[in-house]
Amino acid sequence: MGLPRIPSYPMPAAAELPANRVDWTVDPSRAVLLVHDLQNHFLSAFDTSAAPVTELFANVNRLRAWAAEHGVPVVYSAQPGGQSAEQRGLQQDFWGPGIPDDPRAAAVADAVAPAEGDRLLTKWKYSAFVRTELDELLREQGRDELVITGVYTHIGVQATACDAWMRDIRAFVVADAVADFGADEHRAALTWVAGRCGVVTGTDAVVGRRGREVTGMAFTVERIRAEVADLLGEDPADIPLDENLADWGLDSVRLMALAERWRAEGAEVAFLQLAERPAVEAWAELLGAS
Ligand SMILES: C=C(O[C@H]1C=CC=C(C(=O)O)[C@@H]1O)C(=O)O
């Protein structure tokens, strides 16, 4: 009993996604991003250095960056370790004792760890709505769309998407930001969601070129400074050119948002390069700014 060993399998590509029955598209002003159960215990069933987990982490981080850029609240669900048989209920019959009483096993994987301001839900059942405050949280914020990422596609992800439908909340399952016991279960879950309760989409389609129009503007020191100022809610004139922007509150999620935005415009710049020397002048050099 317990989790299977999951062999590596390729993440589905955009061309392989099932046809959706409805034509909803994600609206950042209505959406909440859910990172579902990406805890070390559940990920230990995979080789986390291989597909689909490598893509899963990268795509969840792209979505987190998109969320930071568009003011989309981010919610993490996580089950507690060391649950009693009573707390486990029927989960005990299907999966045994679950997450051990070990903080490392219960922690969200470092690669996608929550950022400051993200909400954490303690989860008890397959659906992230059951015995949690997810429903209230959406309603409090006047939001009715849930963008779902995490594991496992045919268990909690599918159950949460279905539960969202019961509550008239539009679920979007991001096909390449979820992972499963194998390619067959992954595909079957996506097909069921697309036909019965939500929309199946891909990371590119959510973050893609939708949020911010490609400006076609040349990179200049002033443009970079203005974008940094905009992200930090500061006046561009106050942003120093040669100081470490981490000291100005530029965290890794915002940094990812910038890398994502500039890459969408064709700039060959990686998050790690920006993180290495986080200053306007250094980035201007990287971007070949005039
Ligand atoms: C990651 C999930 O947890 C469930 C799946 C397998 C084992 C479980 C457990 O042992 O608690 C969970 O019920 C999910 O809801 O998809």
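Keep in mind the model is a prediction, meaning the values are calculated, not measured.

About the cut-offs
- Along each chain, numbering runs from 1 in the same order as the chain's sequence is written.
- With the structure being a predicted model, the display of local features is reserved for residues of pLDDT at least 70 and the display and counting of side-chain atom pairs for 80 or more, all residues being used for whole-chain, interface and lining totals.
- Hydrogens and waters are ignored; side-chain quantities use all the structure's heavy atoms.
- In this description a helix means any DSSP run of H or I spanning at least four residues, a strand means any run of E spanning at least two, and both kinds are numbered starting from the N terminus.
- Three labels apply to residues, based on accessible area from a 1.4 Å probe with only protein chains included: buried if under 20% of the type maximum, exposed if over 50%, partly exposed otherwise in between.
- Here, strands pair whenever DSSP counts at least two bridges between them.
- An axis is simply a line fitted to the C-alpha atoms; with a helix, the fit covers only the stretch in contact. Between two such axes, the angle follows the N-to-C directions and lies from 0 to 180 degrees.
- By definition in these notes, contact holds between two residues if any of their heavy atoms fall within 4.5 Å.
- The set of buried Ala, Val, Leu, Ile, Met, Phe, Trp, Tyr and Cys residues whose side-chain atoms join them within 4.5 Å is what this entry labels a nonpolar core.
- Whether a residue is near a molecule or strand depends on its heavy atoms: if one lies within 4 Å, it is near.
- In the analysis that follows, any N or O atom pair within 3.5 Å is treated as a polar contact, provided that within protein one partner can donate a hydrogen and the other can accept it, and provided that, for residues neighboring in sequence, both atoms belong to side chains.
- Per-residue and other accessible areas follow the Shrake-Rupley method at a 1.4 Å probe size, with only the shown protein chains counted as cover for residues.
- Following the grouping adopted for this structure description, the nonpolar residues are Ala, Val, Leu, Ile, Met, Phe, Trp, Tyr, Cys and Pro, the charged ones are Asp, Glu, Lys and Arg, and the polar ones are all others, Gly among them.
- Two aromatic rings, drawn from Phe, Tyr or Trp (for Trp, its six-membered ring), form a pair once their centres lie within 6.5 Å of each other, and the interplanar angle then sorts them: stacked below 30 degrees, edge-to-face above 60, tilted otherwise.
- The domain boundaries here were taken from an automatic or database domain assignment.
- A 1.4 Å probe defines the accessible area here, and the buried area is the portion of it lost by two parts on being joined, summed over both.
- Whenever Lys or Arg places a side-chain nitrogen within 4 Å of a carboxyl oxygen from Asp or Glu, that contact is recorded as a salt bridge.
- For this text, the term disulfide refers to a pair of cysteine sulfurs within 2.5 Å.

(A) The arrangement of the side chain of Thr203 in detail. Assignment of secondary structure puts Thr203 in helix α9 (residues 203-207). A residue is classified by how much of its surface remains accessible, and Thr203, at 0% relative accessible area, is buried.

(B) The arrangement of the sheet that holds strand β4 (residues 145-151) in detail. Taken together, the 6 strands give an open sheet; going across it, the order is β3-β2-β1-β4-β5-β6, and neighbouring strands pair in parallel fashion. On the outer flanks of this sheet lie β3 (119-122) and β6 (198-201), each paired with one strand and no other. Neighbour-to-neighbour, the strand axes of this sheet turn through a mean angle of 25 degrees, independent of strand direction. The sheet contact formed by strand β1 (residues 31-36) and strand β2 (residues 74-78) spans 4 bridges and is parallel. Bridging across to β2, Leu34 finds its partner in Val75. Its contacts with the sheet place helix α2 (residues 53-70) against β1, β2, β4 and β5 (170-179), and it is angled at close to 140 degrees to β5. Its contacts with the sheet place helix α8 (residues 183-196) against β5 and β6, and it is angled at close to 135 degrees to β6.

(C) Here's a closer look at the nonpolar core. Among the nonpolar cores identified, the biggest contains 39 residues, and Leu43, Leu56, Val151 and Tyr152 are the most heavily contacted of them. Residues within four places of Val151 in sequence aside, it is in contact with His36, Asp37, Leu38, Phe42, Leu43, Phe46, Leu56, Val157 and Ala179. Counting 25 residues, the second largest nonpolar core, distinct from the first, contains Ala128, Phe129, Val173 and Cys197.

(D) Geometry of the site of the ligand. Neighbouring the ligand are 15 residues; Arg88, Gln91, Tyr126, Tyr152 and Gly156 lie closest to it. Between the ligand and the protein, one listed contact pairs an oxygen atom with a backbone N or O atom of Tyr152 at 3.0 Å. Against a free-state accessible area of 390 Å², the protein chains account for coverage of 99% of the ligand. Counting only elements with at least two residues in the shell around the ligand, the list comes to α4 (90-95) and α7 (153-166). For the shell around the ligand, the class distribution of residues is 7 nonpolar, 5 polar and 3 charged.

(E) Quick look at the packing of aromatic side chains. Throughout the structure, instances matching the rule amount to 7 aromatic pairs. Between the aromatic rings of Trp24 and Phe172, the centroid separation amounts to 6.0 Å while the plane-to-plane angle is 65 degrees, which identifies the pairing as edge-to-face. Of this pair, Trp24 sits in the segment before β1 while Phe172 is found in strand β5, placing the two residues 148 residues apart along the sequence. For the ring pair Phe219 and Trp262, a centre distance of 6.0 Å and an interplane angle of 80 degrees mean the geometry is edge-to-face. With Phe219 in the loop between α9 and α10 (221-232) and Trp262 in helix α11 (residues 252-264), this pair connects stretches of sequence that are 43 residues apart. Considered together, Phe219 and Trp262 belong to a single accessibility category, that of buried residues. Each member of the aromatic cluster is reached from another via a ring pair, and the members are Phe42, Phe46, Trp95, Tyr152 and Phe181.

(F) The domain arrangement of the chain, seen in detail. We note that the domain assignment places domain 1 (28-207) and domain 2 (212-286) within the chain. The distance between the C-alpha centroids of domain 1 and domain 2 comes to 30 Å. Contact residues are listed per partner, giving 9 residues for domain 1 and 6 residues for domain 2. For the pairing of domain 1 and domain 2, the buried interface totals around 710 Å² over both sides, and the portion due to carbon and sulfur atoms is 64%. Counting across the interface, domain 1 meets domain 2 through 0 salt bridges. Between the two partners, domain 1 and domain 2, sit 0 residue pairs in polar contact (both at pLDDT 80 or more). At 7 residues, α2 tops the list of elements feeding residues into the side of domain 1 that touches domain 2.

(G) Structural view of the pattern of salt bridges. With the rule as written, the count across this model stands at 12 salt bridges. For Arg30, the salt bridge goes to Asp144, with nearest N and O atoms at 2.9 Å. In this pair, Arg30 is assigned in the segment before β1 and Asp144 in the loop between α6 (134-140) and β4, connecting sequence segments 114 residues apart.

(H) Up close: the state of the cysteines. Within this structure, the stated rule accounts for 0 disulfides. Free cysteine: Cys197, not disulfide-bonded; nearest cysteine sulfur from Cys162 at 5.2 Å. Look at Cys197 and you get buried, because its relative accessible area is 4%.

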